[in-house]
Amino acid sequence: DLEFASWFNGANSMHESVSSGFTDFMYRILTADLLKNIGDPSTTSCCEIGFGGGRLLLPASFIFNHAYGIDIHDNFQRVEERLKSFNRSNFSLHKSENAEKEIPNNNIKFAYSFITFQHFESWSVAEQYIDLLDKKLTPDGYSILFFGDNIFCVLVRFNPVLVVTLGL
């Protein structure tokens, strides 16, 4: 499990992997300012683009009514088993190419991606995900997309997506 979890985010123990997921989710992603805008997360859905080993999807599943995960890898069953080992069942994992038809439109209040976009082979891939979020987010929904290797800090609001790029 540690080898699998560390492939996505380095960790020296499973405790460190889980702890860092909760810390990053609560202090970098689901901030107090964001909570003011989205309201009570326990009644809404969220979505992670690039869920990897489920490190951030796990805390999201404790906070939101439903957590969607979108990714391209072939280890969905491992991630599902890991999340279920924490008694989580309020999540669904989706291949990128299937997310359009499997996730209902206007259903997600908050979407996020934590340094996944920097790995895309072209900006057109990022645009495809932004277009997907435009359909899947509620009209008053928000999205935070982190770009780890970017030296710029830009905050853009377009309905219904909020894009943040940060040099982490």
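Our subject is the structure listed above.
Residues numbered from 1 in each chain as written. Predicted model: local features only at pLDDT ≥ 70, side-chain atom pairs only at ≥ 80, totals over all residues. Heavy atoms only, no water.

Draft legend 1. Structural view of helix α5 (residues 76-84). Looking only at α5, the buried set comprises F76, V79, R82 and L83. Summarising the axial view, the buried residues of α5 lie within an arc of 125°, below the 170-degree limit, and thus occupy one face. (Buried < 20%, exposed > 50% of the residue type's maximum accessible area, 1.4 Å probe, protein only. Helix = DSSP H or I, 4+ residues; strand = E, 2+ residues; numbered from the N terminus. Arc of directions from axis to C-beta.)

Draft legend 2. Spotlight on the packing of aromatic side chains. Overall, the coordinates contain five aromatic pairs when judged by the stated rule. Across from the ring centre of F76, 5.2 Å away, lies the NZ or CZ of K95, which sits over that ring. (Phe/Tyr/Trp six-rings, centres within 6.5 Å; stacked < 30°, edge-to-face > 60°. Lys NZ or Arg CZ within 6 Å of the ring centre and 35° of its normal.)

Draft legend 3. Inspection of helix α7 (residues 123-136) at higher detail. For α7, built from 14 residues, the straight-helix expectation of 20 Å at 1.5 Å per residue is met to within 8% by its first-to-last C-alpha distance of 20 Å. Taken residue by residue, α7 has V125, A126, Y129, I130, L132, L133 and K136 as its buried positions. Angular distribution of buried residues about the axis of α7 spans 155°; they occupy a single face of the element. (Expected span 1.5 Å × (residues − 1).)

Draft legend 4. A look at the state of the cysteines. Enumeration over the complete set of coordinates arrives at zero disulfides. In this structure C46 is a free cysteine whose sulfur lies 7.4 Å from that of C47, the closest cysteine sulfur available. On the basis of relative accessible area, C46 is assigned to the buried category, the value being 0%. (Disulfide = S-S within 2.5 Å.)

Draft legend 5. Focus on the pattern of salt bridges. This structure, assessed with the given rule, holds seven salt bridges. Across the pair E80 and K84 runs a salt bridge, and its minimum N-O distance is 2.9 Å. Residue E80 and its partner K84 are both found in helix α5; the two are separated by four residues, about one turn of the helix. When its relative accessible area of 44% is taken as the criterion, K84 is described as partly exposed. (Salt bridge = Lys/Arg side-chain N within 4 Å of Asp/Glu carboxyl O.)

Draft legend 6. Highlighting the sheet that holds strand β4 (residues 108-113). Taken in spatial order, the five strands of this open sheet run β3-β2-β1-β4-β5, and their pairing is parallel. Edge positions in the sheet fall to β3 (91-95) and β5 (137-145), since each of these pairs with one other strand and no more. Taken pair by pair, the neighbouring strands of this sheet meet at an average axis angle of 20°, ignoring direction. In this structure, strand β1 (residues 45-49) lies alongside β4, joined through three bridges in parallel fashion. Note that in β4 the partner of C46 across the bridge is F110. Sheet strands touched by α5: β2 (66-71) and β3. Its angle to β3, the strand with the most contacts, is close to 170°. The strands that α7 touches are β1, β2, β4 and β5; relative to β5, the one it contacts most, it runs at about 150°. (Pairing = 2+ DSSP bridges. Axes fitted to C-alpha atoms, helices over the stretch in contact; angles between N-to-C directions. Contact = heavy atoms within 4.5 Å.)

Draft legend 7. Structural view of unusual backbone geometry. Look at N87: it is not a glycine, yet its phi comes out positive at around 60°. Residue placement: N87 occurs in the loop between α5 and β3. Positive phi, normally seen in glycine, also occurs at N106, with a value near 55°. Along the chain, the position of N106 falls in the loop between α6 (96-102) and β4.

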